[in-house]
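Remarks on the overall topology
Spelled out, the chains give:
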Amino acid sequence: MDTNLGRSRLSEQIQESILDAIRAGEFPAGQKLPSERSLMEMFEVGRPSVKEALLMLERKGFVRLQRGVAPVVVQPTPESAIGSIGDMVSMMLAEETRRSEFYGLRIMLETCAALDAARERDPAVIAGLEEALEHCRATAGQAAPFRDADQAFHRCLMAASRNGVADAFHRSLIEWGLFNPETGPELDRIHARVIAQHVRIIEAVRDGDCFAAAEALRRHLQTRHNAAREDG
């Protein structure tokens, strides 16, 4: 690990040096880094600079910190990578244009997933969609339970893509609360519409009609988007 520091902030240089060592394989996932005191001696700096560098690495998902224990290197995952931008995304979602753009990304992801689901016609995926649909029917008229059932339906559909990165990003898009179906004064009507649209998606997937599945999914999410904008 290179311990020669330049002119930028000490903490930034330290965290970059440690990160370079992790990338180079000097500290594989699960292995402990040198202790704070050892890092202070190696870089010839004070504790605040080392502590700040380690906190930066923790926020980026590269190490796990625990009081009284040397930092442990963590294997980055799609979930941790996406989680690291959560606060920035939350601020962007307050702006209508950005909110619509993120929702457009969700539509693109799920449209591709619907295509994959119809192309493969995996019995397990179809069974999962049907189970989620039944939960939607059972919870119609109840805001929170119906929202959970609806999200389960869309997560099941997204799983058909078999793409861990896309799946992790899609889960975050849902968790960020983009146009959930439970808002509005006519809850029963809204839920009935959602259920009918879910049925059309499942039918197209079961029939192996890729275009129909993708179009049914796109219309479903676009209708939700348009309804939310009208209510707003």
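See above for the structure.
Presented here is a report on the structure given in the accompanying data block. (Residues numbered from 1 in each chain as written. Predicted model: local features only at pLDDT ≥ 70, side-chain atom pairs only at ≥ 80, totals over all residues. Heavy atoms only, no water.)

The next subject is the overall build of the protein chain. Looking only at helices and strands, the protein chain has 11 helices and two strands in total. From first element to last, N terminus to C terminus, the protein chain shows the α and β order α-α-α-β-β-α-α-α-α-α-α-α-α. What you see for the protein chain is a C-alpha radius of gyration of 23 Å, clearly larger than the 17 Å of a compact globule of 232 residues, by over 25%. Evaluated residue by residue, the protein chain yields a buried proportion of 42% over its 232 residues. With the model as given, the accessible surface of the protein chain reaches about 12400 Å², and the carbon-plus-sulfur share is 51%. Charge separation in the protein chain, taken as the distance between the mean sites of 29 positive and 35 negative side-chain charges, equals 2 Å. (Helix = DSSP H or I, 4+ residues; strand = E, 2+ residues; numbered from the N terminus. Rg over C-alpha atoms; globule rule 2.2 N^0.38 Å. Buried < 20%, exposed > 50% of the residue type's maximum accessible area, 1.4 Å probe, protein only. Areas by Shrake-Rupley, 256 points an atom, 1.4 Å probe, with all protein chains shown as cover. Lys, Arg positive; Asp, Glu negative; His and termini not counted. Charge placed at Lys NZ, Arg CZ, Asp CG, Glu CD.)

Direction of pairing for strand β1 (residues 63–66) relative to strand β2 (residues 69–73): antiparallel, over a ladder of three bridges. Counterpart to arginine 64 in the pairing with β2 is valine 72. From the end of β1 to the start of β2, which pair antiparallel, there are two residues, and glycine 68 there has a positive phi angle of about 85°. (Pairing = 2+ DSSP bridges.)

A few words now on the side chain of serine 49. Counting through the fold element by element, serine 49 comes out in helix α3 (residues 47–59). Take serine 49: its relative accessible area is 17%, and that puts it in the buried class. Those residues in contact with serine 49, other than ones at most four positions away along the chain, are Leu10, Ser11 and Ile14. (Contact = heavy atoms within 4.5 Å.)

All chains considered together, the criterion is met by two aromatic pairs. Centroid distance phenylalanine 102 to tryptophan 176: 6.1 Å. Interplanar angle 80°. Geometry classified as edge-to-face. You can see phenylalanine 102 sitting in helix α6 (residues 96–120) and its partner tryptophan 176 sitting in the loop between α9 (164–175) and α10 (187–207), a full 74 residues away along the chain. Centre to centre, the rings of phenylalanine 169 and tryptophan 176 are 6.1 Å apart; their planes meet at 85°, and the pair counts as edge-to-face. The exposure classification of phenylalanine 169 matches that of tryptophan 176, with both residues buried. (Phe/Tyr/Trp six-rings, centres within 6.5 Å; stacked < 30°, edge-to-face > 60°.)

Turning next to the side chain of glutamine 197. Note that glutamine 197 resides in helix α10. Assessed through its relative accessible area of 8%, glutamine 197 is described here as buried. Of the polar contacts made by the side chain of glutamine 197, one reaches the side chain of histidine 220; its length is 2.5 Å. (Polar contact = N/O pair within 3.5 Å; in protein donor to acceptor, adjacent residues only side chain to side chain.)

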